[in-house]
Amino acid sequence: EYQFNDNFSAFLQGSVFLDGNNSVKTEIDWAYLSYNFKNDITARLGKFQIPLLSGIELRKVGFSNLWIRPLIPGTGASGNQYYTGMDVIKRQILENSNWEFQFSAGKAKHTLGDINNKGIQLFSAKYQSGDFWIRSAVMHSDYSVYTPRNQLITDSGHSILGSLESEFVLDKFQFNIGYSA
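Residues numbered from 1 in each chain as written. Predicted model: local features only at pLDDT ≥ 70, side-chain atom pairs only at ≥ 80, totals over all residues. Heavy atoms only, no water.

**Structural notes on the pairing of strand S5 (residues 80-93)**
Of the pairings in the sheet, the one linking strand S4 (residues 41-49) to S5 comprises nine bridges and is antiparallel in character. Residue pairing across strands places Ala43 opposite Val88, the latter belonging to S5. Summarising the sheet, S5 and strand S6 (residues 98-110) pair through 13 bridges and their orientation is antiparallel. Note on S6: the bridge partner recorded for Lys90 is Phe101. If you look at the hairpin formed by S5 and S6, you'll find four residues sitting between the two strands. (Pairing = 2+ DSSP bridges. Helix = DSSP H or I, 4+ residues; strand = E, 2+ residues; numbered from the N terminus.)

Dropping the structure here:
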């Protein structure tokens, strides 16, 4: 992350892999500009991994730690790994806890070439107090589906995904639970 001033920054994160043919493959996972407004509001514009679950950062850890199972499969949320667009994050800090609300919108690239994503919208809310947090997210996606010969099958596909996850500490053990549908 590069901080231009107190409010404006740029972020870039990627991956480098050595495949089975000893060829190096690079991939940009996150690339965005961020502006921090007053009142704990941040707006970001660029390329993002779809934030349906907090576990998205574990997608590629599994290559080095095989015992870790990501909460989102390698193909992403309903076949969408990344989107280009914007998000707005609002944080509300209270005396012993805090809330975080996120709204995201943009256009995703589907892993299957026969599916043309027209747009996604995502809303999430997170509550945290001490060693406990709970987060819920809902994502809506509009898409068209084509045959391998590029003939339109449907121009009005929709998917709605949801998630609920939490992390807490109990007797010195940290627990992570989550559900997505």
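**Examining the packing of aromatic side chains**
Applying the stated criterion to the full structure yields twelve aromatic pairs. Arranged with centres 5.2 Å apart and planes meeting at 25°, the rings of Phe48 and Tyr83 form a pair that is stacked. Of the two residues, Phe48 sits in strand S4 while Tyr83 sits in strand S5, which places them 35 residues apart along the sequence. Its relative accessible area of 1% is what places Tyr83 among the buried residues. On the basis of an interplanar angle of 55° and a centroid distance of 5.1 Å, the ring pair of Trp99 and Tyr127 is categorised as tilted. (Phe/Tyr/Trp six-rings, centres within 6.5 Å; stacked < 30°, edge-to-face > 60°. Buried < 20%, exposed > 50% of the residue type's maximum accessible area, 1.4 Å probe, protein only.)

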